[in-house]
Amino acid sequence: MKTIEVDGIKVRIQIWDTAGQERYQTITKQYYRRAQGIFLVYDISSERSYQHIMKWVSDVDEYAPEGVQKILIGNKADEEQKRQVGREQGQQLAKEYGMDFYETSACTNLNIKESFTRLTELVLRAHRKELEGLRVRAGQELALAELEEEEGKPEGLANSSKACWC
Ligand SMILES: Nc1nc2c(ncn2[C@@H]2O[C@H](COP(=O)(O)OP(=O)(O)OP(=O)(O)O)[C@@H](O)[C@H]2O)c(=O)[nH]1
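All of the points below concern the structure found in this document. Quantities reported herein were computed from a predicted structural model and do not represent experimental measurements. (Residues numbered from 1 in each chain as written. Predicted model: local features only at pLDDT ≥ 70, side-chain atom pairs only at ≥ 80, totals over all residues. Heavy atoms only, no water.)

So, about the site of the ligand. Around the ligand sit Asp17, Thr18, Ala19, Gly20, Gln21, Asn75, Lys76, Asp78, Glu79, Ser105, Ala106 and Cys107, and that is every residue in its neighbourhood. One of the side-chain N or O atoms of Asn75 is found 3.0 Å from a nitrogen atom in the ligand. Ala106 places a main-chain nitrogen or oxygen 2.7 Å from an oxygen atom of the ligand. Contact with the protein chains removes 47% of the 650 Å² of surface that the ligand exposes when unbound. (Near = heavy atom within 4 Å. Polar contact = N/O pair within 3.5 Å; in protein donor to acceptor, adjacent residues only side chain to side chain. Areas by Shrake-Rupley, 256 points an atom, 1.4 Å probe, with all protein chains shown as cover.)

Our next topic: the pattern of salt bridges. Applying the stated criterion across every chain, the model contains 10 salt bridges. Across the salt bridge formed by Lys82 and Glu79, the nearest N and O atoms sit 3.7 Å from each other. Linking Arg118 and Asp100 is a salt bridge whose minimum nitrogen-to-oxygen distance equals 2.5 Å. Here Arg118, found in helix α4 (residues 112–126), pairs with Asp100, found in strand β5 (residues 100–103); they are 18 residues apart in sequence, far enough to count as distant. Several salt bridges converge on common partners, so that one network encompasses Glu80, Arg83, Arg87 and Glu103. (Salt bridge = Lys/Arg side-chain N within 4 Å of Asp/Glu carboxyl O. Helix = DSSP H or I, 4+ residues; strand = E, 2+ residues; numbered from the N terminus.)

So, on to the packing of aromatic side chains. The relative placement of two aromatic rings is captured by the distance of their centres and the angle of their planes. For the coordinates displayed, the defined rule picks out 4 aromatic pairs. Here the aromatic rings of Trp16 and Tyr31 are separated by 5.2 Å at their centres, their planes lie at 45°, and the arrangement is tilted. Here Trp16 is found in the loop between β2 (9–13) and α1 (25–32), whereas its partner Tyr31 is found in helix α1, with 15 residues between them in sequence. For Trp16, a relative accessible area of 54% puts it in the exposed group. Through a chain of ring-to-ring contacts, three or more aromatic side chains come together here, namely Tyr42, Tyr50 and Phe101. (Phe/Tyr/Trp six-rings, centres within 6.5 Å; stacked < 30°, edge-to-face > 60°. Buried < 20%, exposed > 50% of the residue type's maximum accessible area, 1.4 Å probe, protein only.)

Structure below.
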């Protein structure tokens, strides 16, 4: 669990790190079902991990809910000397899939906050209608509660905030 602030809204996010290995795939697929946002992560020092992204995307398309938000991540950006995947390759793949793209480093913290904030922002946007509905309903319930409180007061006091009981 982590709380971040996006557009003035405090959002509590639950993060699941799925296992990348083939033998855990049955479990991994179960994580997709309730996901609202997904980072597809490869390692910039591994061409193989980059090639695997296509497989991850097809799994996400198959098992994640429609409208799930996705961002492509090229991690280990601090390992420049071991780089096998160019930044442009990442950008190109992200473009093909219509995703945002970040190169990150868990070691130097490069783009970690930015990518989490961006994914949360995308999820919030995708759920804006539901969010607005919740806000309206909360406002209505508050107004109703205030009205009930006013009505509960003895006559003559209902509309006067200055009135006192003595
Ligand atoms: N240099 C560097 N190493 C990293 C970075 N992120 C993770 N690592 C290292 O990479 C190794 C694998 O990290 P994990 O977090 O286990 O990777 P994973 O993708 O979750 O692995 P699976 O559980 O097999 O899916 C560890 O030794 C980490 O310390 C990074 O940004 N830079």
